[in-house]
Amino acid sequence: MNKTDGINQERQQRLNRALVISLLRQEDTCTRTKLAELSKLNRATITNIINDFISCGLVIETGSLTGKKNRRSIGIRLNGKGFQIIGVMLTRKHYYILSTGLSGELYEMKKYPIKDRADVYGTIYDIKNDIRQIIDGASEHKVLAIGIAMPGPYIYKLGKMVFVINLPNWDGVSVYDEFREAFSVPVFVENDANAGAFAQMLYCEKAHKCQNLIYIVAGQGLGCGIITDGNIMRGEMGFAGEIGHTSINLEGNLCECGNRGCLETYCSTIALEKRLRECIRNGEETVLQESFVWEDVVLAVREGDRLARREYKAACRYLAAGIVNIINQLNPGVVVIGDQLAEVHPELMLEIVDNKVQKTVRPIILENLKIEINDLQINPVIIGAAAIATQEIYKDPFKYVPLSAD
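Residues numbered from 1 in each chain as written. Predicted model: local features only at pLDDT ≥ 70, side-chain atom pairs only at ≥ 80, totals over all residues. Heavy atoms only, no water.

**Q** Where do I start with the overall build of the protein in this structure?
**A** When helices and strands are counted, the protein shows 15 helices and 15 strands. For 406 residues, the compact-globule estimate of 2.2 N^0.38 gives 22 Å, and the C-alpha radius of gyration of the protein, at 23 Å, lies within 12% of that figure. Seen through its principal axes, the protein has C-alpha atoms that stretch 75 × 50 × 45 Å. In the protein, the share of contacts with a sequence separation of at least 24, taken over all contacts with a separation of at least 6, comes to 61%. Carbon together with sulfur atoms contributes 47% to the accessible area of the protein, which is approximately 19,700 Å² in total. (Helix = DSSP H or I, 4+ residues; strand = E, 2+ residues; numbered from the N terminus. Rg over C-alpha atoms; globule rule 2.2 N^0.38 Å. Contact = heavy atoms within 4.5 Å. Areas by Shrake-Rupley, 256 points an atom, 1.4 Å probe, with all protein chains shown as cover.)

Right under this line is the structure:
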């Protein structure tokens, strides 16, 4: 065997392992026979892979299962309790940390306030400490990786933040290096919208089989994650999907990015709160006081306050215009809208967006398009961050859990 043959053989072995471990995650509990059927690999190859997985603890046997013709087979599944992945999500006011099993089982999630939003490195220090506490507390488990979702714009290729509206002093911070150097396990950092899109592809029943989808993060900022042919589309520098900084009015509101008329200045939660306060100062009738908090806005919209509902509907119409643009640019099969703005009144938002899309998008595109509001119970951004890290483990499991492991 020449050197090239050896390299090709090793590459094929990695691909086979990745396929089998992904199928195990998909099937939960399975048999070797079923894995051979699903993977199209021969039984001997499956047996060798599973034996290796069992020897290093990645896979456990679960007892006897009844198969075809009432034949009994040994069930196998990923060792979700033995190995864990940590997911982290940073927002403008809080950060969240969760631990998941190798199959995506959620074990713990905690929410932490950002004590001083101007103290970037103090916040990073706090996040590191809280991650360490979770790792130290997982005495019965081995933490394999950490996935972190950052609000955009995030330059994936450089591992750095750019400006984030209402999150000062993060411009140019080398987020990836900060966390990579702090931990002995691999760290994967991703834009929050990309993480959310990845979670939709994996976990949302309506989007699961779609290979081309968009996830819109409509919260304090506005961004979109793009899945094309089953992969995250990042662009040359990892900057793709910044829909919030596409201009819809050349003479419009000045954005912190330096552009005018950015979509984010019309349909984020920050923009909606700003507009409502302007209306209150102008004497418009509403149940809201000028000192309101976001929860007051949500309640006012849901209970039919005239001003709150009018301005919420206006924000939804602006969002709809941005969604039409991205549908025409990228031709997704599914568009999912999530985060705080969508959570205010999901039915009303979906009605407004769907109405705009139906009127302005060509019928042949509409026939192959679904628009949904996120219905995952846990924020897709944080479970997506953990899932992206998990996916990296799947690609080459023995890189992270060597065969010599006990």
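**Q** Teacher, can you tell me more about the sheet that holds strand E7 (residues 142-150) here?
**A** Strand pairing within a sheet occurs via backbone hydrogen bonds; the two strands may be parallel or antiparallel. Spatial strand order, E6-E5-E4-E7-E10: five strands in an open sheet with mixed pairing. A single partner strand is all that each edge strand has here, and the edge strands are strand E6 (106-113) and strand E10 (187-191). Adjacent strand axes in the sheet meet at a mean angle of 15 degrees, parallel and antiparallel pairs treated alike. Where strand E4 (residues 83-90) and strand E5 (residues 94-101) come together, seven bridges link them in antiparallel fashion. Bridging from a neighbouring strand, Leu-90 pairs with Tyr-95 of E5. The sheet contacts of helix H4 (residues 120-137) involve E4, E5, E6 and E7, and relative to E5 the element is tilted by about 25 degrees. Lying on the sheet, helix H14 (residues 380-395) is in contact with E4, E5, E6, E7 and E10; it crosses E4 at an angle near 140 degrees. (Pairing = 2+ DSSP bridges. Axes fitted to C-alpha atoms, helices over the stretch in contact; angles between N-to-C directions.)

**Q** Please clarify how the packing of aromatic side chains should be interpreted in this entry.
**A** Geometry of an aromatic ring pair is reported as the spacing of the ring centres plus the angle between the planes. Evaluated as defined, the whole model comprises three aromatic pairs. Note on Phe-53 and Phe-398: the rings are 5.6 Å apart at their centroids and 65 degrees apart in plane angle, and the pair reads as edge-to-face. Separated by 345 residues along the polypeptide, Phe-53 in helix H3 (residues 43-55) and Phe-398 in helix H15 (residues 397-400) bring together distant segments of the chain. Across this residue pair, the class does not change: Phe-53 and Phe-398 are buried. Considering the side-chain rings of Tyr-266 and Tyr-318, the 4.8 Å spacing of their centres and the 40 degrees angle between planes classify their relative orientation as tilted. In this pair, Tyr-266 sits in helix H7 (residues 264-267) while Tyr-318 sits in helix H10 (residues 306-330), placing the two residues 52 residues apart along the sequence. Owing to a relative accessible area of 35%, Tyr-318 belongs among the partly exposed residues under this scheme. Seen from the ring of Tyr-156, Arg-234 lies directly overhead, with NZ or CZ sitting 3.9 Å from the centre. The ring of Phe-292 is capped by Arg-277, whose NZ or CZ atom sits 3.9 Å from the centre of that ring. (Phe/Tyr/Trp six-rings, centres within 6.5 Å; stacked < 30°, edge-to-face > 60°. Buried < 20%, exposed > 50% of the residue type's maximum accessible area, 1.4 Å probe, protein only. Lys NZ or Arg CZ within 6 Å of the ring centre and 35° of its normal.)

**Q** Just to check I follow, could you spell out the pattern of salt bridges for this structure?
**A** A side chain with one charge can pair with a side chain of the opposite charge if their charged atoms come near. Overall, the coordinates contain 17 salt bridges when judged by the stated rule. Measuring nitrogen to oxygen at the nearest pair gives 3.0 Å for the salt bridge that ties Glu-284 to Arg-310. One end of the pair, Glu-284, is in the loop between helix H8 (269-281) and helix H9 (294-302); the other, Arg-310, is in helix H10, and 26 residues separate them in sequence. When its relative accessible area of 25% is taken as the criterion, Glu-284 is described as partly exposed. Between Arg-310 and Glu-311 there is a salt bridge, with its nearest N and O atoms 2.8 Å apart. You can call Arg-310 partly exposed: its relative accessible area is 31%. Sharing partners across several salt bridges, the network here consists of Arg-275, Glu-278, Glu-284, Arg-306, Arg-310 and Glu-311. (Salt bridge = Lys/Arg side-chain N within 4 Å of Asp/Glu carboxyl O.)

**Q** Explanation requested: the nonpolar core in the structure shown.
**A** Nonpolar side chains in soluble globular proteins tend to end up buried together. Judged by nonpolar contacts, the single largest core of 57 residues is most densely connected at Val-20, Leu-24, Leu-35, Ile-50, Phe-53 and Leu-58. Broken down by element, this core gets its largest block of residues, 10 residues, from H14. In contact with Ile-50, other than residues within four places in its own chain, are Val-20, Leu-24, Arg-32, Leu-35 and Ile-76. Residues Trp-294, Ala-308, Leu-319 and Ile-337 belong to the second largest nonpolar core, which totals 47 residues. (Core = buried A, V, L, I, M, F, W, Y, C linked by side-chain atoms within 4.5 Å.)

**Q** Explain the layout of surface pockets here, please?
**A** Over the atoms rolls a probe the size of a water molecule, and in doing so it shows where empty space is left. In this structure, the largest pocket spans a volume of roughly 900 Å³. For the largest pocket, the lining is made up of 39 residues, of which Thr-91, Tyr-96, Gln-220, Asp-339 and Gln-340 are closest to its centre. Contributions of two or more residues to the lining of the largest pocket are made by E4, E5, helix H6 (192-203), strand E12 (222-228), H8, H9 and helix H11 (340-344). For the lining of the largest pocket, the leading source of residues is H9, giving four residues. Grouping the constituent residues of the lining of the largest pocket by class yields 15 nonpolar, 13 polar and 11 charged. There is about 770 Å³ of room inside the second largest pocket. As for the second largest pocket, its lining consists of 30 residues, of which Phe-198, Met-201, Gly-230, Gln-391 and Lys-395 are closest to the centre. For the lining of the second largest pocket, the secondary-structure elements that each account for two or more residues are helix H1 (3-27), E10, H6, strand E13 (231-232) and H14. Taken together, the residues that form the lining of the second largest pocket break down as 15 nonpolar, eight polar and seven charged. (1 Å grid on protein atoms, 1.4 Å probe; cavity = no way out; pocket = protein on both sides within 12 Å on 5 of 7 lines; lining within 4 Å. Points joined across faces, edges and corners; volume = space filled by probe spheres on them. Nonpolar A, V, L, I, M, F, W, Y, C, P; charged D, E, K, R; others polar.)

The analysis is restricted to geometry; functional conclusions fall outside its scope.
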